[in-house]
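Read off the chains here:
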Amino acid sequence: QVKRSGRHGIRFFTSAMQQRAARHLQLVNALRYAIERDQLHVLYQPQVALRERAIIGAEALLRWETPELGKVSPAEFIPAAEESGLIQSIGAWVLREAVRQAVRWRSEGLPPVTMAVNLSAVQFRNTDLPKLITRILQEEGLPAEYLELELTEAVAANDPQGAIAMMNKLHERGVRMSIDDFGTGFSSLSHLKKFMAYKLKIDQSFVRDITTDAEDRAIVNAIIQMARSLGMRTIAEGVETVEQLSYLHEHLCDEIQGYYFSRPVTATAFRQLLLDGAARAFNP
Ligand code: C2E
Ligand code: MG
Ligand code: MG
Ligand code: MG
């Protein structure tokens, strides 16, 4: 097969690799200055409790825009930040920004929400992480139980012993942990119960066809049942329709997050959502 593709095939392959390497380099070089040039900002997506019909959380989602590159998706720049080590400083910046925002909403007397922040594998392996978290919480003045850290199931499953140890340390400091993209990461059930997770985030790939696909329903129902018996909450990601919402509500999923209720929005727009309350999501 290699022969059949011949010189052109090889040249094409090489140039595709070169292009990828060049883009990577371009991103890393630009990311170095992202913080000081004020190119990063955070959007917030509501997490809605179904029984209470209330917004009880916000997930902080990082955005990056530069004059040269325009908007770059986190799916592209987060990996570049991880490989270059820049994720340590960028991740710390997001944590502080999100915690600061949570404090601002509290001081305005808005209904209390938990602030959920995504952690990358690189941050999670850093033994200084618990210290950093505690310092940010103290300096900004947020009670630890209002911060939730999201770790993907893939990262937790990749090094279960390390994950259990770190999650224990963070748990001791009063911070909540949730397992992101749950259902895609193959963690063993024996590890899962040791993870000290407060919440499982059911991956959006299972939610998409939940009203039509019997296998996706079976998976979602199993995750909800298992979480309930292990004393964990569940949140479904990527909920876009009222049919998905109703199904999840009937099957005792605790929370939803998705475009049906709201896209990720600016802090100012989120504030308005908090003022409006979640009721309108259930009476469209
Ligand atoms: P994630 O943590 O699983 O975040 C959920 C993603 O799903 C977000 O994409 C969100 O905008 C999107 N989403 C929410 N509701 C819906 C919906 O109803 N339909 C669809 N199709 N999508 C929905 P986003 O913001 O592009 O982020 C992508 C990923 O990038 C995140 O996945 C997370 O893994 C990573 N990421 C984002 N911000 C950060 C950060 O500050 N730190 C780290 N380490 N990773 C981050
Ligand atoms: Mg997340
Ligand atoms: Mg997710
Ligand atoms: Mg994801």
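Rules behind the numbers
Residues numbered from 1 in each chain as written. Chains lettered and ligands numbered in written order. Predicted model: local features only at pLDDT ≥ 70, side-chain atom pairs only at ≥ 80, totals over all residues. Heavy atoms only, no water. Near = heavy atom within 4 Å. Polar contact = N/O pair within 3.5 Å; in protein donor to acceptor, adjacent residues only side chain to side chain. Areas by Shrake-Rupley, 256 points an atom, 1.4 Å probe, with all protein chains shown as cover. Helix = DSSP H or I, 4+ residues; strand = E, 2+ residues; numbered from the N terminus. Nonpolar A, V, L, I, M, F, W, Y, C, P; charged D, E, K, R; others polar. Phe/Tyr/Trp six-rings, centres within 6.5 Å; stacked < 30°, edge-to-face > 60°. Buried < 20%, exposed > 50% of the residue type's maximum accessible area, 1.4 Å probe, protein only. Lys NZ or Arg CZ within 6 Å of the ring centre and 35° of its normal. Arc of directions from axis to C-beta. Core = buried A, V, L, I, M, F, W, Y, C linked by side-chain atoms within 4.5 Å. Donors = N, O, S within 2.8 Å, 3.2 Å for Na, K, Ca; no water. Contact = heavy atoms within 4.5 Å.

### Notes on the site of ligand 1
At step 1: Neighbouring ligand 1 are 22 residues; Arg63, Asn118, Asp180, Glu240 and Tyr259 lie closest to it.
At step 2: For ligand 1, an oxygen atom lies 3.3 Å from a polar atom in the side chain of Gln204.
At step 3: In isolation ligand 1 offers 810 Å² of accessible surface; the protein chains occlude 81% of this area.
At step 4: Elements with a minimum of two residues in the shell around ligand 1: β2 (54-66), α2 (74-84) and β6 (176-182).
At step 5: Per-element tally for the shell around ligand 1: the top contributor is β2, with 4 residues.
At step 6: For the shell around ligand 1, the class distribution of residues is 9 nonpolar, 6 polar and 7 charged.

### Description of the packing of aromatic side chains
At step 1: Counted under the stated rule, the structure contains 4 aromatic pairs.
At step 2: Seen in terms of ring centroids, Tyr44 and Phe270 are 6.5 Å apart; in terms of plane orientation they differ by 70°. Their pairing is edge-to-face. Here the residue Tyr44 occupies a position in strand β1 (residues 40-49), and Phe270 occupies one in helix α12 (residues 267-276), the gap between them amounting to 226 residues. Just as Tyr44 is buried, Phe270 falls in that class too.
At step 3: With 4.6 Å between their ring centres and 20° between their planes, Trp105 and Phe270 make a pair best called stacked. Linking Trp105 in helix α3 (residues 87-107) with Phe270 in helix α12, this pair joins segments that are 165 residues apart in sequence. As far as the burial class goes, Trp105 and Phe270 line up, both buried.
At step 4: Its end group placed over the ring of Tyr33, Arg37 keeps NZ or CZ at 4.4 Å from the ring centre.

### Some remarks on helix α11 (residues 242-250)
At step 1: Residues of α11 that are buried include every one of Gln244, Leu245, Tyr247 and Leu248, and no others. Within α11, the buried residues cover an arc of 165° as seen down the axis, which keeps them to one side.
At step 2: Note on α11: the residue one or two positions beyond its end, Leu252, has a positive phi of about 70°.

### Concerning the nonpolar core
At step 1: Judged by nonpolar contacts, the single largest core of 79 residues is most densely connected at Tyr44, Trp105, Phe124, Leu147, Leu149 and Leu248.
At step 2: Ranked by residue count, the leading element in this core is α3, at 8 residues.

### Comments concerning the coordination of the magnesium ion (ligand 3)
At step 1: Within the first shell, the magnesium ion (ligand 3) binds the protein through Asp180 (OD), Asp181 (OD), Glu237 (OE) and Glu237 (OE), at distances of 2.0 to 2.4 Å.
At step 2: Donor residues for the magnesium ion (ligand 3), ordered by position in the chain, follow D-D-x55-E.
At step 3: Here the magnesium ion (ligand 3) and the magnesium ion (ligand 2) are spaced 4.3 Å apart, linked through Asp180, which binds each one. On the criterion of sequence distance, the pair formed by Asp180 in strand β6 and Glu237 in strand β8 (residues 233-237) is long-range, its members being 57 residues apart. When sorted by exposure, Asp180 lands in the same class as Glu237, which is buried.

### Focus: the side chain of Ser262
At step 1: Within the secondary structure layout, Ser262 lies in the loop between β9 (255-257) and α12.
At step 2: Ser262 gets classed as buried once you look at its relative accessible area, which sits at 8%.
At step 3: For Ser262, the residues in contact, after removing those within four places along its chain, are Gln45, Pro46 and Leu273.

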